[in-house]
Amino acid sequence: MAKEHETLYERLNDRLATISDVRSANSLLFWDRQTHMPKGGIASRAEQMATLSRLAHEMLVDGETGRLLDASGDLDPCSEEGALVRRARREYERATKLPAELVAQITRATALAEPAWARARGESDWSVFAPHLEEILPLKKRAAEALGYEDHPYDALLDGYEPGAKKAWLEAMFGELKAGILPLLREVTEKGNDENRTAPLYGAFDEAKQERFGVEVVTRFGYDWERGRQDRTVHPFCISFGPGDVRITTRFDPGWLAPALFGTFHEAGHALYQQGVNPAYARTPLDGGASMGVHESQSRLWENLVGRSRAFWSYFYPRLRDTFPEALRGVDLETFYHAINVLAPSKIRVEADEATYNLHILLRFELEVALFEDELFVADLPAAWNAKMKEYVGVTPKNDAEGVLQDIHWADGLFGYFPTYTIGNVLSVQFFDEAVKAHPEIPAQIQQGEFAVLLGWLRENIHRHGSRYDPDQLVQKATGRPLDTAPYLSYLRNKFGELYELD
Ligand code: ZN
């Protein structure tokens, strides 16, 4: 291509494509590190990954990127090109507003905090981790100031995960959820749970058979193996190197069916989103999701709305029983359905049920905001944590390992990230309901193990757009209204009301 005929927009695209290639190469190094790399590779892999991130960062913050963005600034904001420039500009501005010295300090502080957090959790000793958080928190506050905000410093960090989200908006959302979920949890707790309710999920479940069953299900969902693969890892994730290569990872427990089963559905949900992005968006900033929350809505939709539904299991349970005739002997569909849908107070977020999960997020959100407002100090965090656990969930952690130290997020400096999980939960139902409204045959199809119409709706209304729209725009376009907690709360109420025979 003759350079003189190239427009500035094309040059911007070339530059963004190069950045995207470097990042994808780095992602592949990450994927390899988590799945196949021998232990001995760790030191050189750390250097390789640091080098590639530095190269991508340098290209992004280079003055040339800014010049090309400025020159492309008059594109129609509603066009694909305009959306691409808007996304790229947001990223460029977030990257250039942060002083390099601050970024380096955060990188260093979090790199030291991670192993300290692991040790603190292992020993259940807050004092091992607290000094690291004391260092990270002011750095993140400085980052918020550097990034800028209209209303609240927390908004500046939120925006990195959920474009446009604000603290005040989240407070309203959580207020509605609290008003719906707390009474539901109370009513169910009063009814009480049968201790053996989850017993069918424990037993001898051969890993290879678990894998085969998971593959059968996600293939039916529509996961395309020509453009993906599945590997084993300790902390499962989904990773995309472009719409043509979207991989999932799974962890198997030979004595417990739940992690691999629902983990595979979950990661496949993320992967279906990425495989469904318009292929023309490959190597551009539009090859992603609208936000972390919207991404999570897709994983939760397949994991919970589909994968924990009675309709789904009325088709798949006979197959699961054929796969594990010994372990599931005497367990009928209804017993199994109850086992995978327990609502109960829990201390650990990642083990929490669909409803209580949001109370765990609410608690973290409130603590983060209090830390940012200097209403709460690091030293008082364990006590504040336990008090809120008691208030919202009704349990008190035995120690800090199963309390304030349970998540890695703060060690990584990820303030503002937790709320995206709950946004995802809420949106999963709003999207699912809308799909069913458009295609009332969807539940009957799920009962037949057919998902094409559901996936088709998601593809058309969500997946293909990639990052073209901001989350509020996308939700509005897909469902005709902004994020709405009502469908989510009535879903929980109906499902668990029926399961627990509430009035
Ligand atoms: Zn997820």
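Residues numbered from 1 in each chain as written. Predicted model: local features only at pLDDT ≥ 70, side-chain atom pairs only at ≥ 80, totals over all residues. Heavy atoms only, no water.

Pairing in this open sheet of 3 strands is mixed, and the strands run β1-β3-β2 from one edge to the other. This sheet does not close on itself; its edge strands, each paired only once, are β1 (230–232) and β2 (238–240). Shown here is a sheet whose adjacent strand axes are inclined to one another by a mean of 25 degrees, direction ignored. In terms of strand pairing, β2 meets strand β3 (residues 246–250) through 3 bridges, oriented antiparallel. Directly across from serine 240, in β3, lies its bridge partner valine 246. Along the sheet, helix α10 (residues 258–275) makes contact with β1, β2 and β3, crossing β3 at roughly 170 degrees. (Pairing = 2+ DSSP bridges. Helix = DSSP H or I, 4+ residues; strand = E, 2+ residues; numbered from the N terminus. Axes fitted to C-alpha atoms, helices over the stretch in contact; angles between N-to-C directions. Contact = heavy atoms within 4.5 Å.)

Taken as a whole, this structure holds 33 aromatic pairs when the rule is applied. Arginine 300 extends its terminal NZ or CZ atom over the ring of tyrosine 357, reaching a point 4.7 Å from the ring centre. The ring of phenylalanine 418 carries the charged tip of arginine 364 above its face, separated from the ring centre by 5.3 Å. (Phe/Tyr/Trp six-rings, centres within 6.5 Å; stacked < 30°, edge-to-face > 60°. Lys NZ or Arg CZ within 6 Å of the ring centre and 35° of its normal.)

Let us look at the pairing of β3. Burial of β3 is extensive: 5 of the 5 residues sit out of reach of the surface. Neither face of β3 is left uncovered, since the one carrying Val246, Ile248 and Thr250 and the one carrying Arg247 and Thr249 both have all their residues buried. With 3 bridges joining them, β1 and β3 adopt parallel strand pairing. Across the sheet, the residue bridging to aspartate 231 is threonine 249, located in β3. Joining the antiparallel neighbours β2 and β3 is a turn of 5 residues, in which glycine 242 adopts a positive phi near 120 degrees. (Buried < 20%, exposed > 50% of the residue type's maximum accessible area, 1.4 Å probe, protein only.)

The values reported here are purely geometric and, on their own, carry no functional implication.
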